[in-house]
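Results of the structural survey
This is what each chain is made of:
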Amino acid sequence: MNFNRASEKLQILADAAKYDVSCASSGGNRKNTNKGLGDSKANGICHSFTEDGRCVSLLKILLTNHCIYDCAFCVSRKSNDIQRAAFTVEEVVELTINFYRRNYIEGLFLSSGIFKNADYTMERLLRIVKKLRLEERFNGYIHLKTIPGASEELIQEAGLYADRMSINLEMPTEAGLKTVAPEKSHEDVKKPLHFVNQHIQAYNSDRKLILSTPKFVPAGQSTQMVVGATPESDLEIMATADQFYKAYNLKRVYYSGYVPIRQDSLLPSIGTPPPMIRENRLYQTDWLMRFYGFRVNEILDDTHPNLDPEIDPKLSWALRNLHLFPIDINTADYQLILRVPGIGVGSAKKIVAARQFGKLRTYQLQNLGIAYNRAKYFVRCADSPFASKDWQASQIRHFILSSSQNKRQSPQQLTLF
Amino acid sequence: MEIYVFDDTFEGFLTLIFDWYNRKPGSITVSSAKHYHPQAFSQTYFIVTDPEKAMRVATGLRKRLSKEAWRAVYCTFLSERLEAYEHLFGFAVYVFSDVSQAESNYGNEHVLFVHQMARKVEREKHHLEAFVRFQQTQDGMYYAPIEPKYNVLPLIAGHFRGRYADQSWVIYDHVRKYGLYYDLQRLQLITLDFQRSHNFDTPARISEDHHEEMYQLLWKDYFKSANIPARRNLKLHVRNLPRRFWKYLTEKQVLD
């Protein structure tokens, strides 16, 4: 491998791939049974963190940034005047193996611009994963981007070697996508998602009968939406996510705050900061849906189409539903405890386990590691005074915000002087 | 109050529990040889580590604990904190008092402590699995120096053996002066004599034939390119990647 050339390519093709949010290496379970290199465990490992605070768990690169498409939001679009490069199959394999051996990464995230046509590109991606698995006996994690429009045989074969596959929705609605990428449509994404999902289900049911059934995309599928480039509401975004979770059994939906990369009348102007808080609130909502038993329309509806940037969606929901609170920590259902702002899945389980030994008192609840400053307005313990104060939602909101803002603001104020 | 001192080993600690039940001295202070300071007004009892006694205590605890709780006991022990030994002792006595489901009474201070300490140690273990950086040396072996907060080397051994089955490697704990060596067949504990080697951080020189430096540079290139300057958030960066690990992280070694 020519070092200077590889270094140049790596800089170009990692730079172009970094706007893809997914870096998860979890959900795989590929054991090192062949005395080869690596294994993937169900819980992923973040090996490093960039200065923007995002995790680095996979070598995330494009095979090439040559592309036949011209999507307004994409760095690699045809009309953009940038340096182009393409890795050879050997270069990607060598980088992956050598980075893995030094424990820099959990595996490879391989995406690509589309050169020539979909099948030509998909074929290259397939050659890389096959070489890694079959020749290098590599058992690390591989996340492969499905190239929309590639033939089903190629996609199916790739699924036998990849741990996860994904295709990005790009924009949360069809209308939004059409304005910035007229050549693309959600239909192009749905078809391969459906195809891969069908195969995952089929292989899984075969495995119940025949143990030796090969693994097919064992870590499932994911997708990504760009947030803040087009004018969709949070309700539209989460409704789309919900629909895709259900229709295609997705493992994850990622929300990527748009970082303006060029001046374009269709998109936010250069220098507009990426909507980081909004992105964070969307992820919180996503978690509430997946792990806390919330339905989308409990959190967002036509009267509340957008998430509150100041407070998290669970607190926001609780303040709108004060008639359900306070709940008694010693008798309430697990599902209800899970809905208390400041109590997470782990703490809710501990509360249910611990209360069998006697009624829990306030200090015990505080010791369990919940965010008591938030939770205290919504729970009663064994020693809570019989009649607790009847606060209004706006008062509770004010109390919580002022106690958390004091902490947040003090270092900022110092910089004024 | 008597001070019970064990020899810093897990077996020694388990023997301590056995001896306490045997001698019934009432309440005691627990200490390990490393933490022990003689005190004028208390008597000291030095534990003589006995594998057989240790095994009996271990068996008794395992019978009354879930697999997870037994692991939490071991992890808490590996924290090497004096207060951890005290709480572990309290925890063991509570478990042997035959309360049913003792391990999930998070209202009990010892149970909660063991649970929380074990989590800290598990987090350190996870950090190490992530932040170990191997360098290939001239003899082809992969070498990684570490300085973990807790004694997690025994916890990460299996992870690295499963992962790097086809390369020989050493992970060396510079705080506790011992390491793990995998020679493609077996995993063994080693201590190295660093006085004789030129560089304190590597047992043999970095390999030139194997392009070690080149891959380090490529990794630094990648690390830089993956960053999005518009989203810069150093506070989050440091929280996720604590400074104490930077010393051995290839990507945090600034280029000259």
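Given the structure is predicted, the values throughout are model-derived calculations rather than measurements.

**Considerations on the overall build of chain A**
When helices and strands are tallied, chain A shows 15 helices and 10 strands. Over its C-alpha atoms chain A spans a radius of gyration of 24 Å, differing by no more than 12% from the 22 Å that the globule rule assigns to 417 residues. With respect to the three principal axes, the spread of C-alpha positions in chain A is 70 × 55 × 45 Å. A fraction of 66% describes how many contacts in chain A between residues 6 or more apart in sequence connect residues 24 or more apart. Of the accessible surface of chain A, which amounts to about 18,300 Å², a share of 52% is contributed by carbon and sulfur atoms. When the 53 basic and 43 acidic side-chain charges of chain A are each reduced to a single mean position, those positions are 7 Å apart.

**Some remarks on the environment of B:Ala230**
Relative to the helices and strands, B:Ala230 is located in the loop between helix H7 (212-225) and helix H8 (234-240). Sequence separation of B:Ala230 and B:Gly26 is 204 residues, and the distance between their C-alpha atoms is 63 Å. Apart from the residues within four sequence positions on either side, B:Ala230 is in contact with A:Val259 and A:Pro274.

**A closer look at the packing of helix H6 (residues 186-209) of chain A against helix H7 (residues 234-248) of chain A**
Residues and elements named next belong to chain A. Running from N to C, H6 and H7 cross one another at 35 degrees; their axes reach a closest spacing of 10 Å. Of the residues in H7, those in contact with Lys190, Leu193, His194 and Asn197 of H6 are Gln243, Phe244, Ala247 and Tyr248. Of the residues that constitute the contact of H6 with H7, the class distribution is 4 nonpolar, 3 polar and 1 charged.

**Looking at the interface of chain B and chain A**
The figure often quoted for interface size is the accessible area lost as the parts come together. Counting residues at the interface gives 57 residues for chain B and 57 residues for chain A. For the pair chain B and chain A, the summed buried surface comes to about 5,100 Å²; carbon and sulfur atoms form 56% of the total. For the pair chain B and chain A, the number of links is 6 salt bridges. Where chain B touches chain A, the interface holds 36 residue pairs in polar contact (both at pLDDT 80 or more). Listed by contribution, the elements that provide at least two residues to the side of chain B that touches chain A are helix H5 (109-131), helix H6 (153-163), H7 and H8 of chain B. Residue contributions to the side of chain B that touches chain A peak at 11 residues, all from H7(B). Here the side of chain B that touches chain A is built from residues that sort into 27 nonpolar, 20 polar and 10 charged.

**So, the domain arrangement of chain A**
All names here are of chain A. Each assigned domain of chain A is listed with its residue range as follows: domain 1 (3-25 + 42-299) and domain 2 (313-406). Just the C-alpha atoms count here: the centres of domain 1 and domain 2 sit 38 Å apart. Counting residues at the interface gives 10 residues for domain 1 and 10 residues for domain 2. With both sides pooled, the region where domain 1 packs onto domain 2 buries about 860 Å², and carbon together with sulfur makes up 61% of that total. On inspection of domain 1 and its partner domain 2, the count reaches 1 salt bridge. Across the pair Glu298 and Arg339 runs a salt bridge, and its minimum N-O distance is 2.8 Å. Applying the counting criterion to the domain 1 and domain 2 interface returns 3 residue pairs in polar contact (both at pLDDT 80 or more). At the level of elements, helix H8 (276-291) and helix H9 (296-299) are the ones that each hand at least two residues to the side of domain 1 that touches domain 2. Ranked by the residues each element gives to the side of domain 1 that touches domain 2, the list is headed by H8, at 5 residues. Here the residues of the side of domain 1 that touches domain 2 sort into 5 nonpolar, 3 polar and 2 charged.

**Regarding empty space enclosed by the protein**
A full pass over the atoms with the stated rule returns 1 cavity of 30 Å³ or more. Here the largest cavity defines a volume of roughly 90 Å³. Considering the residues around the largest cavity, the lining is formed by A:Lys18, A:Cys23, A:Thr50, A:Arg54, A:Cys55, A:Val56, A:Leu58, A:Lys60, B:Tyr222 and B:Ala226. Looking at the lining of the largest cavity, the elements with two or more residues in it are strand S2 (55-56) and strand S3 (58-62) of chain A. Split by residue class, the lining of the largest cavity holds 6 nonpolar, 1 polar and 3 charged.

**Details of the UniProt feature "domain: Radical SAM core" (unreviewed entry) in chain A**
The feature "domain: Radical SAM core" (unreviewed entry), as annotated in UniProt, sits at residues 62-191 of chain A in this numbering. End C-alpha to end C-alpha, residues 62-191 of chain A measures 23 Å, and it is 40% helix and 11% strand.

What counts, and at which threshold
Residues numbered from 1 in each chain as written. Chains lettered and ligands numbered in written order. Predicted model: local features only at pLDDT ≥ 70, side-chain atom pairs only at ≥ 80, totals over all residues. Heavy atoms only, no water. Helix = DSSP H or I, 4+ residues; strand = E, 2+ residues; numbered from the N terminus. Rg over C-alpha atoms; globule rule 2.2 N^0.38 Å. Contact = heavy atoms within 4.5 Å. Areas by Shrake-Rupley, 256 points an atom, 1.4 Å probe, with all protein chains shown as cover. Lys, Arg positive; Asp, Glu negative; His and termini not counted. Charge placed at Lys NZ, Arg CZ, Asp CG, Glu CD. Axes fitted to C-alpha atoms, helices over the stretch in contact; angles between N-to-C directions. Nonpolar A, V, L, I, M, F, W, Y, C, P; charged D, E, K, R; others polar. Buried area = accessible area lost by both parts, 1.4 Å probe. Salt bridge = Lys/Arg side-chain N within 4 Å of Asp/Glu carboxyl O. Polar contact = N/O pair within 3.5 Å; in protein donor to acceptor, adjacent residues only side chain to side chain. Domains from an automatic or database assignment. 1 Å grid on protein atoms, 1.4 Å probe; cavity = no way out; pocket = protein on both sides within 12 Å on 5 of 7 lines; lining within 4 Å. Points joined across faces, edges and corners; volume = space filled by probe spheres on them. UniProt positions renumbered as here; feature names shortened; annotations may be inferred.

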